[in-house]
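Observations on the model geometry
The residues making up each chain are set out below.
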Amino acid sequence: MPPCLASKTKKLTDHKTKPNMPVFTIPRIQQGNIKVPSHRLAKIEIDDIEITGYSVAGEETVVAVPQLNVCFDIGKAPDQVISIDNLLLTHGHMDHTAGIAYYLSHRNFSGQTPGTVLAPQELLEPIQQIIDAHGILDGNPIPANLVAVRPGGEYRIKPNIFARAFATPHSRNSVGYTLIEKRKKLKPEYTKLTGPQIVELKKQGIEIDYPLEIPLVTYCGDTEPGDFTKLEFVMNSKILITECTFYTKDHISRAKAGKHTHLNDLPDLMRNSKNQCIVLIHISQRTGIGFARKMLKKVLAAEQLDRIIFLMEHNKRRR
Ligand SMILES: [Zn+2]
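Looking now at helix 3 (residues 100-109). Within helix 3, burial applies to Ile100, Ala101, Tyr103, Leu104, Ser105 and Arg107. Buried residues along helix 3 sit in contact with strand 5 (86-88), helix 2 (94-97) and helix 4 (121-138). Remark: Gly111 follows helix 3 within two positions and exhibits a positive phi of approximately 80°.

Okay, here's the thing in structure tokens:
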């Protein structure tokens, strides 16, 4: 018997005579029925939008909005995001892109359509090289649909949902994305009309509605604050997912050097923010969420604190 199993068995045996000892259980895995996911992902519900993912500085970052069929960055490709069709990459750093080939290959292996990968233009060639190299290693080519994005560009995700890219000051050509719902709304002067009256106006070719944009979720990836904080669709987005990596005075220069957000940057960001909820990501294991919250209290007002949530606090629900 392997030593690791032996030690667990010993503790189980000990438990019979020592009731206060913790009980260790070994998951029973039946052949063909392995259901242990590769990652334990955080999950947050904000009204009707679910955000799930994992983001720890220096380890990996992957954040998904399953109902909108979008995954921002891919980290090490957790099982739970493989079936999401649209992968939106912000920049090329390893902790955000390591799982790209696995994501695409596993979709192919399990009979799914090739994933659509949006990424800054300059990343497409190296991404293709990685995919090709893995195809050679694996013995099977890996299909992919790579799409170049530029700041200001819009990309259809669903018939009424678009991803709009914006520039972020982190690495060369890095971008963030806002998922925008586009609707048509009846002009106020026609709201009291009956159905048949509206049909009649339409027959006459009269424009009775106007386009409405609802920014739902913005994901900034890694970045320091920049011009994107002046974009209305970013600061009005219902949910803003952004990073805050550093929390102490002696880390100000590290934040600047790596072009990351520091605690001291948050008051300005929060002043411009009309977001219902701000989800902070990319905290380090060393900092810890308890310490980060304590530091946030020193620089933010109570109303601002109320709108902040850390992704890595599992299973929080906001209404
Ligand atoms: Zn980065």
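On we go.
Here we come to the sheet that holds strand 14 (residues 308-310). Overall, mixed pairing links the seven strands, which are arranged 8-9-10-11-12-13-14 in an open sheet. Edge positions in the open sheet fall to strand 8 (154-158) and strand 14, since each of these has one partner strand only. Direction aside, neighbouring strands of the sheet carry axes that sit 30° apart on average. Where strand 8 and strand 9 (residues 161-167) come together, four bridges link them in antiparallel fashion.

A few words now on the pairing of strand 1 (residues 42-46). Inspection of the sheet shows strand 1 paired to strand 2 (residues 49-56) by five bridges, in the antiparallel sense. Bridge assignment links Lys43 to a residue of strand 2, and that residue is Thr52. Between strand 1 and strand 2, which pair antiparallel in sequence order, lie two residues; one of them, Asp47, sits at a positive phi of approximately 50°.

On to the confidence of the model for the protein chain. Detailed reading of the predicted model is not advised wherever pLDDT is low. Per-residue pLDDT for the protein chain has a mean of 88; in total, 87% of the residues score no lower than 70. Note that residues 1-27 has pLDDT below 50 and, in this model, ten contacts with residues that lie over four places away or in other chains.

Turning next to the nonpolar core. Core analysis: the largest hydrophobic core is formed by 67 residues, its most contacted members being Val63, Leu179, Ile241, Val279, Leu280 and Leu311. Considering every element that reaches this core, the biggest residue donor is strand 13 (residues 277-281), with five residues. Beyond its immediate stretch of four places on either side in the chain, Val279 contacts Ile44, Ile51, Ile239, Ile241, Ile309 and Leu311.

For the pair helix 3 and helix 4, interaxial distance at closest approach is 9 Å and the crossing angle is 55°. What the angle tells us is that helix 3 and helix 4 run oblique. As for how helix 3 packs across helix 4, the hand of that crossing is right-handed. Here helix 3 contributes Ile100, Ala101, Leu104 and Ser105 to the contact with helix 4, which in turn contributes Ile127, Ile130, Ile131, His134 and Asp138.

With that out of the way, let us pick up helix 5 (residues 195-203). Burial within helix 5 is sparse, with just zero of its nine residues counted as buried. Positioned one or two residues after helix 5, Gly205 has a phi angle of 80°, which is positive.

Attention shifts here to the pairing of strand 9. Where a strand is regular, its side chains alternate between the two sheet faces. Most of strand 9 is tucked away, with five of its seven residues classed as buried. Between strand 8 and strand 9, which pair antiparallel one after the other, the connecting turn spans two residues.

This part takes up the environment of Met235. By the secondary structure assignment, Met235 is in helix 6 (residues 232-235). Here Met235 falls in the partly exposed class, since 18 other C-beta atoms lie within 10 Å of it. It is 8.8 Å that separates the C-alpha atoms of Met235 and Leu269, two residues lying 34 residues apart in sequence.

With that settled, the discussion passes to unusual backbone geometry. With a phi angle near 50°, Asp47 is a residue other than glycine that sits in the positive phi range. If you trace the backbone, Asp47 turns up in the loop between strand 1 and strand 2. For Asp47, a count of 12 C-beta atoms within 10 Å translates into the label exposed. In the Ramachandran plot, Ala77 falls in the positive-phi region, its phi being about 60° despite a non-glycine side chain. For Ala77, the position within the fold is in the loop between strand 4 (70-72) and strand 5. In this structure Ala77 comes out as buried when scored by C-beta crowding, with 24 C-beta atoms within 10 Å.

Before going further, it helps to examine the environment of Lys76. Of note, Lys76 is situated in the loop between strand 4 and strand 5. Lys76 sits 20 residues away from His96 along the chain, and the two C-alpha atoms are 7.7 Å apart.

Turning our eyes to something else, we now look at the environment of Gly135. With respect to the helices and strands, Gly135 occurs in helix 4. The sequence separation of Gly135 and Ser105 amounts to 30 residues, and the corresponding C-alpha distance is 8.3 Å. Once residues lying within four places of it in the same chain are set aside, the contact partners of Gly135 are Asn140, Pro141 and Ile142.

Reading guide: rules and limits
- Residues numbered from 1 in each chain as written.
- Predicted model: local features only at pLDDT ≥ 70, side-chain atom pairs only at ≥ 80, totals over all residues.
- Buried ≥ 20, exposed ≤ 12 C-beta atoms within 10 Å, placed from the backbone.
- Helix = DSSP H or I, 4+ residues; strand = E, 2+ residues; numbered from the N terminus.
- Contact = placed C-beta atoms within 7 Å.
- Pairing = 2+ DSSP bridges.
- Axes fitted to C-alpha atoms, helices over the stretch in contact; angles between N-to-C directions.
- pLDDT = per-residue confidence, 0-100.
- Core = buried A, V, L, I, M, F, W, Y, C linked by C-beta atoms within 7 Å.
- Parallel < 35°, antiparallel > 145°, perpendicular 65-115°, else oblique.
- Left-handed = near helix turned anticlockwise from the far one by under 90°.

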